[in-house]
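Structural overview
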Protein chains: 2
Amino acid sequence: MVKKYNIPVEAALEVIGGKWKVVILCHLIKGTKRTSELKRSMPTITQKMLTQQLRELEADGVIERKIYQQIPPKVEYSLTEYGWSLKGILDSLCAWGEKHIERNYDDKSLVLVEG
Amino acid sequence: MVKKYNIPVEAALEVIGGKWKVVILCHLIKGTKRTSELKRSMPTITQKMLTQQLRELEADGVIERKIYQQIPPKVEYSLTEYGWSLKGILDSLCAWGEKHIERNYDDKSLVLVEG
DNA sequence: TGCAATAGGTACTTTAAAGTGCCTGTCCCC
DNA sequence: GGGGACAGGCACTTTAAAGTACCTATTGCA
């Protein structure tokens, strides 16, 4: 039985919905990142959630995982060509988030960590 | 204590995140809608979730609630000016969802209800 | 007279998302 | 030889999101 959508946008939400995926993609849009770099960029994500979300994004074809056969392990994540088709959405979301903060808080350093 | 964001896009997700808000906004972008119209457009949402999400969107200033003092009750929802600043994001999300379905399914009528 | 339509409210329960804690293995450095 | 960096896996638990069920009120209509 195939998943049914009442409106096509639900298909997009299935790929980038949830608490972390958009954030991860916003980091990867700035360039290829190692697992540990991503983790440092997202201090509150757990190792498990990071791996899980990366796996799902990979399964949906929007990111790519490159393993370097070395010790200690090195794994890099980057957007696929298909993932780059999300760039417009991600850029707009980031910009809107900034404007939203400016609109709602006089001093945005109050809401942005290390801001 | 104020909520802290590690990256501004998190502020956007707080407003339009979750299972229903983007879908609701995608309907309202087509024009003002009554509660019952929204409900009919989203057959699987429950009355409670619809009301709850509408209240939150209203509290965030992206939609407006207009009550007509009549019996039976009539309530209309529409985007506020601030809500319209989301138009670009919503349009792109809808378009991406459509392309994603076309990319992943040969026959999109299989995944779109009443499609 | 009894039901449908309208737009909810509220208490409770379920389920899915997210988080915790502990485990692997190898190499380098102190 | 103990600890950290690296990239996870796995079992379990917690919490937040979502869903169910039942309640309000008024009017018109069959």
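Now for a quick tour of the structure. (Residues numbered from 1 in each chain as written. Chains lettered and ligands numbered in written order. Predicted model: local features only at pLDDT ≥ 70, side-chain atom pairs only at ≥ 80, totals over all residues. Heavy atoms only, no water.)

1. So, the side chain of B:His27
- Along the chain, the position of B:His27 falls in helix α2 (residues 21-28).
- Look past the residues within four positions of B:His27 in its chain and what remains in contact with it is A:Ile7, B:Lys33, B:Leu38, B:Ser41 and B:Met42. (Helix = DSSP H or I, 4+ residues; strand = E, 2+ residues; numbered from the N terminus. Contact = heavy atoms within 4.5 Å.)

2. A look at helix α1 (residues 9-16) of chain A
Residues and elements named next belong to chain A.
- Taking burial as the measure, the eight residues of α1 include seven buried ones, the bulk of the element.
- Val 9, Glu 10, Ala 11, Ala 12, Leu 13, Val 15 and Ile 16 are the residues of α1 that are buried.
- Phi turns positive, to about 95 degrees, at Gly 18, one or two residues after α1. (Buried < 20%, exposed > 50% of the residue type's maximum accessible area, 1.4 Å probe, protein only.)

3. Comments concerning the sheet that holds strand β1 (residues 33-34) of chain A
All names here are of chain A.
- Here three strands make up an open sheet; going across it, the order is β1-β3-β2 and the pairing antiparallel. Two strands close off the open sheet at either side, each with one partner strand: β1 and β2 (63-68).
- Note: β1 against strand β3 (residues 74-79), two bridges, orientation antiparallel. Within the sheet, the bridge partner assigned to Lys 33 lies in β3 and is Tyr 77.
- Lying on the sheet, helix α2 (residues 21-28) is in contact with β1, β2 and β3; it crosses β3 at an angle near 95 degrees.
- Here helix α4 (residues 47-59) sits on the sheet in contact with β2 and β3, set at roughly 115 degrees to β2. (Pairing = 2+ DSSP bridges. Axes fitted to C-alpha atoms, helices over the stretch in contact; angles between N-to-C directions.)

4. Considerations on the protein's contact with DNA strand D
- Near DNA strand D, the surroundings consist of 21 residues, among which A:Arg55, A:Arg65, A:Tyr77, B:Lys19 and B:Lys48 are the closest.
- One of the side-chain N or O atoms of A:Arg55 is found 2.8 Å from a phosphate oxygen in DNA strand D.
- At 3.3 Å from a phosphate oxygen of DNA strand D is found a side-chain nitrogen or oxygen belonging to B:Trp20.
- Among the secondary structure elements, those contributing two or more residues to the surface near DNA strand D are α3 (35-41), α4 and β3 of chain A together with α4 (47-59) of chain B. (Near = heavy atom within 4 Å. Polar contact = N/O pair within 3.5 Å; in protein donor to acceptor, adjacent residues only side chain to side chain.)

5. Regarding the packing of aromatic side chains
- For the structure on display, the rule yields two aromatic pairs over all chains.
- A cation over an aromatic ring shows up here: A:Lys74 above the ring of A:Tyr68, its NZ or CZ 4.6 Å from the ring centre. (Phe/Tyr/Trp six-rings, centres within 6.5 Å; stacked < 30°, edge-to-face > 60°. Lys NZ or Arg CZ within 6 Å of the ring centre and 35° of its normal.)

6. A short note on the protein's contact with DNA strand C
- Taken together, 22 residues sit near DNA strand C, with A:Lys19, A:Lys48, B:Arg55, B:Arg65 and B:Tyr77 positioned nearest.
- The contact atoms of DNA strand C, taken as those within 4 Å of the protein, divide so that sugar and phosphate hold 75%.
- At 3.0 Å from a phosphate oxygen of DNA strand C is found a side-chain nitrogen or oxygen belonging to B:Thr35.
- Here a phosphate oxygen of DNA strand C and a side-chain polar atom of B:Arg65 are 2.4 Å apart.

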